[in-house]
Amino acid sequence: MKVALVGNPNTGKSTLFNLLTGLNQKIGNFPGITVDKKTGYCKLSNHITAEIVDLPGTYSLYPKSKDEQIVFQVLADKTNPNYPDLIVLVADSTNLRRNLLLYSQVADLGLPMLLVLNMSDMAKKAGLKINIDRLAERLGVRVVAVSARKGEGLNILKAAIAQYTPIATQNKTIDVDIFAPEAIKQVKQKLNTDNSYYALQVLHQHEHLDNFTEQEQDEIEHIERSNGFETHQLQTAETIARYRHLNAILSEVVLDTGAEKKFQITDKLDSILTHKFWGFLIFFVILFFIFNAIFSWSSVPMDMIEGSFAWLTEYGHQHLPPGVLTDLLMDGVVAGLGGIVIFIPQIAILFGLISILEDTGYMARVTFMMDKIMRKFGLSGKSVVPMIGGIACAVPSIMSARNIENWKDRIITIMITPLVSCSARLPVYTLLISLIIPNERIWGIFSLQALALMTMYVISIITAVLAAWVFKFIIKAREKSYFIMELPVYRMPRWKNVFYTMFEKSKTFVFEAGKVIIAISIVLWVMSSYGPSKRYEAIDQKYEALEAKIADTIQVASLERDKAAERLENSYAGILGQTIEPVIKPLGYDWKIGIALITSFAAREAFVGTMATIYSVDSADENAAELRLRDKIAAAKNQATGLPTFTFATGLSLMLFYAFAMQCMSTVAVVYRETKSWKWPLIQLTYMTAMAYVAALIAYQLLK
């Protein structure tokens, strides 16, 4: 049997889906579109297994975004492969009246239904008493109370799904024929259906339905025009009628004994956290706390990981047979992978703290505060969600922009979201900050390194907003935008969910980045270890002649280091780096950094792995395996000046380049997928690369 989960956003629908399906689930796309489709399987009894489809969250059947269009498309088309045998409508027990609006619409489509009241534990805490038996009697469907957060009521829900009847039992809600009687009658005859509400919905949104032929679309459009069908007016009239009906349904069903206390606490917190001055100040304090934690809390585990990889490299060189394979494994794969694994603590802390902000309901307040400011720059409050999500990763953040109804707002949001510093930039920032910013504190409290990291994130957000302001004048559209958002009640974070998020995001970061890093590290090691045979023969002959004249072991070791450096410079990687060096030299970069820039265009975090591989190959020192990556890079010298390669000017120039450059092929791919055109990703790639080069050039030339 097929079961569709339907519900408003933030009702815990996805949590319930995960509980029902466990690990037996997959994510794909709905046919012909890029909206994510989550399906899974749930064993209800020894003989019954259900296929569960988690439909996108929506407040009503009238779509305001591409995601919301899916719900009616699936429920209205019997030929749709996802058409369900049973609808499980998930409602938030703490906000039942608003949630039942969607229930009443879905109920009128005449499909078998089951109503799930989620967050029943929170409703009790809030002083809400719901008479479930009376509600079930008035609606005509079975009602099950669950708490997805705690896993309560799950077995009762499974039993209810297993016992479903293929006949729709729900009571009639409102008389929809009164809204457009003649138009509804004509559509019913045309589509050969006796369901008036289905006919009304087709009149409202037939242009979004792909199961009608072009001729049928024209005929339905003709019915609309000939009957003076006014979509917006009729939607408003229907919504008012449904809320009147729900008031009668919920009378003596819901008793709220804690409303006054609940709203007093929420109002007191909101008066501070959303204050026009204190709200922003608190937000920046929270941001600084996050960035300070990224450095302070991660230092010990990072040192342990870094030390472990240094020991592993040394141990491998000592105990594995010397040769090409050992060098490739230790100096290529292990060194490159170590450059990524070391940042797991910082990634985990970043995602953990963001998850806490989302779970408590604070992130919704940030969106609310930012709306008025964002509008001045051509964005809406809904653009804040992808932008804040961009701190984690631009790919899902760009996909979340589908919820922005206005086309212009959506395109601008997609175009500027990659400018917000993501977790892939974090390894680059932290490595460079540790090289150019002293590990000191102001007044014994504020870490200079944390301030530098926060500054990079603030710069990226300000730049994104300014870029949006420019696009506001370039991209033309007549459509007006609006902002509607539900502010959830404040609540304690779900710690299990927080730790699960930390684990999942860290695992994804390592495996996704790891695949790229290992591939790049192997190719890079080969390119760095080999070069044109004539050049290598000349270098070998040169140093053999010099070594023959020297007996001093210290001078011989020095010659070995010089020989390794010269071989690297004449390797295929060295030749590639020196080819682009004239272009990047004004930015303060040498050819080694140039190689890292090239590999980073696949993925930004490849910078660290590339530097690790290059400096492992570069060093012929017998103690090099014991040296940590930061020590190797800090000791690097510019051959032309004799000064450290990574000066303050070079380090800042590099950070600005990575802050602005589009160095993520996954982001390019998802922008193409979301816009259905190569025009937008190519514009994005061009303008971001140009910004990165100019910003890095100005920074280095002013500070060198």
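Residues numbered from 1 in each chain as written. Predicted model: local features only at pLDDT ≥ 70, side-chain atom pairs only at ≥ 80, totals over all residues. Heavy atoms only, no water.

### Notes on the packing of aromatic side chains
The relation between two aromatic rings is expressed through the spacing of the ring centres and the mutual angle of the planes. Under the convention used in this document: For this analysis, a ring pair means two rings from Phe, Tyr or Trp (six-membered ring only for Trp) whose centres lie within 6.5 Å, classed as stacked if their planes differ by under 30 degrees, edge-to-face if by over 60, and tilted for the remaining angles. In DSSP terms, a helix is any run of H or I states spanning at least four residues, a strand is any run of E spanning at least two, and both are numbered starting from the N terminus. When accessible area is computed with a 1.4 Å probe and restricted to protein chains, residues below 20% of their type maximum are described as buried, those above 50% as exposed, and intermediate ones as partly exposed. Only lysine NZ and arginine CZ atoms are considered, and such an atom sits over a ring when it is within 6 Å of the ring centre and within 35 degrees of the ring normal.
Applying the stated criterion across every chain, the model contains 10 aromatic pairs. With centroids separated by 5.2 Å and ring planes inclined at 85°, the aromatic side chains of tryptophan 469 and phenylalanine 473 adopt a geometry described as edge-to-face. Of the two residues, tryptophan 469 and phenylalanine 473 are both situated in helix 21 (residues 448–474); the distance of 4 residues between them amounts to about one turn of the helix. When its relative accessible area of 39% is taken as the criterion, tryptophan 469 is described as partly exposed. Look at phenylalanine 471 and tyrosine 687: their rings are 5.4 Å apart centre to centre, the planes differ by 75°, and that puts the pair in the edge-to-face class. Of this pair, phenylalanine 471 sits in helix 21 while tyrosine 687 sits in helix 31 (residues 679–703), and the two are 216 residues apart along the sequence. As far as the burial class goes, phenylalanine 471 and tyrosine 687 line up, both buried. Stacked on the ring of tyrosine 197, the Lys or Arg arginine 242 has its end atom at 4.6 Å from the ring centre.

### Here's the deal with the pattern of salt bridges
For clarity, the threshold we go by: Each reported salt bridge corresponds to a side-chain nitrogen of Lys or Arg within 4 Å of a carboxyl oxygen of Asp or Glu.
In this structure the tally under the stated criterion is 9 salt bridges. Its salt-bridge partner being arginine 134, residue glutamate 252 comes within 3.7 Å of it at the nearest N-O pair. On the criterion of sequence distance, the pair formed by glutamate 252 in the loop between helix 10 (231–250) and strand 9 (254–256) and arginine 134 in helix 5 (residues 132–139) is long-range, its members being 118 residues apart. Taking relative accessible area as the criterion, arginine 134 reaches 31% and is therefore assigned partly exposed. The salt bridge partner of arginine 242 is glutamate 238, with a shortest N-O separation of 2.7 Å. You can see arginine 242 and its partner glutamate 238 sitting in helix 10, 4 residues apart, about one turn around the helix. Across the pair, exposure class does not vary: arginine 242 and glutamate 238 are buried alike.

### Section: the nonpolar core
Put simply, the test is: By nonpolar core we mean a set of buried residues, namely Ala, Val, Leu, Ile, Met, Phe, Trp, Tyr and Cys, connected to one another through side-chain atoms within 4.5 Å. Every residue pair with non-hydrogen atoms within 4.5 Å of one another is taken to be in contact.
With 98 residues, the main nonpolar core has Ile416, Tyr589, Phe607, Leu654 and Phe657 as its most contacted residues. Of the residues forming this core, the biggest block, 11 residues, is contributed by helix 21. When sequence neighbours within four positions are dropped, the list of residues in contact with tyrosine 589 reads Glu581, Ile584, Leu597, Thr650, Ser653, Leu654, Phe657 and Ala696. Formed by 57 residues, the second largest nonpolar core is a distinct cluster that contains Ile87, Leu89, Phe212 and Tyr243.

### What to know about the packing of helix 19 (residues 407–416) against helix 31
We count it as follows: Here, axes are lines fitted to C-alpha atoms. For helices the fit covers the stretch in contact, and angles between N-to-C directions go from 0 to 180 degrees. Angle categories: roughly parallel below 35 degrees, roughly antiparallel above 145, roughly perpendicular from 65 to 115, and oblique for all the rest. Here a crossing is taken to be left-handed if its near helix is turned anticlockwise relative to the far helix by less than a right angle, and right-handed if that turn runs clockwise. Amino acid classes used here: Ala, Val, Leu, Ile, Met, Phe, Trp, Tyr, Cys and Pro are nonpolar; Asp, Glu, Lys and Arg are charged; the rest, including Gly, are polar.
For the pair helix 19 and helix 31, the least separation of the axes is 10 Å and the interaxial angle reads 45°. As the angle between them shows, helix 19 and helix 31 are arranged oblique. In the crossing of helix 19 with helix 31, the sense of the turn from one axis to the other is right-handed. Contacts between helix 19 and helix 31 pair Trp407, Ile411, Ile414, Met415 and Ile416 from the former with Trp680, Ile683, Gln684 and Tyr687 from the latter. Broken down by class, the residue content of the contact of helix 19 with helix 31 amounts to 8 nonpolar, 1 polar and no charged.

### Quick notes on the confidence of the model for the protein chain
Rules: Confidence of the predictor at the level of single residues is captured by pLDDT, which takes values from 0 to 100.
Looking at the protein chain, the pLDDT average stands at 81 and 89% of residues meet or exceed 70. The secondary structure element of the protein chain with the lowest average pLDDT is strand 2 (residues 25–29), at 56, and the one with the highest is strand 6 (residues 113–118), at 94. Within the model, the stretch residues 29–34 combines pLDDT values under 50 with 20 contacts to residues more than four positions away or in other chains. Overall, residues 620–627 carries pLDDT values under 50, and its contacts beyond four positions in sequence, including any with other chains, amount to 13 contacts.

### Describing a nonpolar patch on the surface
Test applied: The patch calculation keeps residues exceeding 30% relative accessible area without a salt bridge and links them within 9 Å when they carry like charges or within 5 Å when they are nonpolar (Val, Leu, Ile, Met, Phe, Trp, Tyr). Note that accessible areas follow from Shrake-Rupley with a 1.4 Å probe, and for residues the cover is restricted to the protein chains shown.
On the surface, Ile272, Phe277, Trp278, Leu281 and Val285 cluster together into a nonpolar patch covering about 500 Å² of accessible area. If one sorts the elements of the nonpolar patch by residue count, helix 12 (residues 278–296) sits on top with 3 residues. Within the secondary structure, leucine 281 is located in helix 12.

### Concerning the side chain of threonine 645
Summarising the element assignment, threonine 645 is placed in the loop between helix 28 (629–635) and helix 29 (648–660). Not counting residues within four places of it along the chain, the set of residues in contact with threonine 645 comprises Asp590, Ile593, Ala636, Lys637, Asn638 and Thr650.

### Some points on the pairing of strand 6
So the rule is basically this: A pair of strands is treated as paired once DSSP finds two or more bridges between them. Seen with its strands pointing away from the viewer, a crossover is right-handed when the path leading from the first strand over the helix to the second is clockwise.
Of all 6 residues in strand 6, 6 are buried; the element is thus mostly enclosed. With burial as the criterion, each face of strand 6 is covered, one bearing Met113, Leu115 and Leu117 and the other bearing Leu114, Val116 and Asn118. Here strand 5 (residues 86–92) runs beside strand 6; their pairing, made up of 6 bridges, is parallel. Considered in strand 6, the bridge of valine 88 is made with leucine 114. On the question of chirality, the crossover connecting strand 5 to the parallel strand 6 by way of helix 3 (residues 96–107) is right-handed. In this structure, strand 6 lies alongside strand 8 (residues 143–145), joined through 3 bridges in parallel fashion. Bridged to valine 116 within strand 8 is valine 144.

### Digging into helix 15 (residues 344–360)
Spelled out, the test is: Expected helix span is computed as 1.5 Å times (number of residues minus one).
Counted at 1.5 Å a residue, the expected span for helix 15 with its 17 residues is 24 Å, and the 24 Å between its end C-alpha atoms agrees. Following helix 15 by one or two positions, glycine 361 has its phi on the positive side, about 95°.

### A few points about helix 26 (residues 591–600)
With 9 of 10 residues buried, helix 26 lies mostly within the body of the structure. By the burial criterion, the buried members of helix 26 are Trp591, Lys592, Ile593, Gly594, Ile595, Ala596, Leu597, Thr599 and Ser600.

### Concerning the pairing of strand 1 (residues 2–7)
In terms of burial, strand 1 is a largely internal element, 5 of the 6 residues being buried. Pairing between strand 1 and strand 4 (residues 49–54): 4 bridges, direction parallel. Residue pairing for strand 4: valine 3 is matched across the bridge by isoleucine 52. Alignment of strand 1 against strand 5, held across 5 bridges, turns out to be parallel. In the strand pairing of strand 5, valine 6 is matched with leucine 89.

### What about unusual backbone geometry?
Positioned with a positive phi, methionine 119 is a non-glycine residue whose angle comes to about 60°. With respect to the element layout, methionine 119 can be found in the loop between strand 6 and helix 4 (120–125). If you check the backbone angles, asparagine 192 has positive phi at about 55° while not being a glycine. Structurally, the position occupied by asparagine 192 is in the loop between helix 7 (181–191) and helix 8 (196–205).

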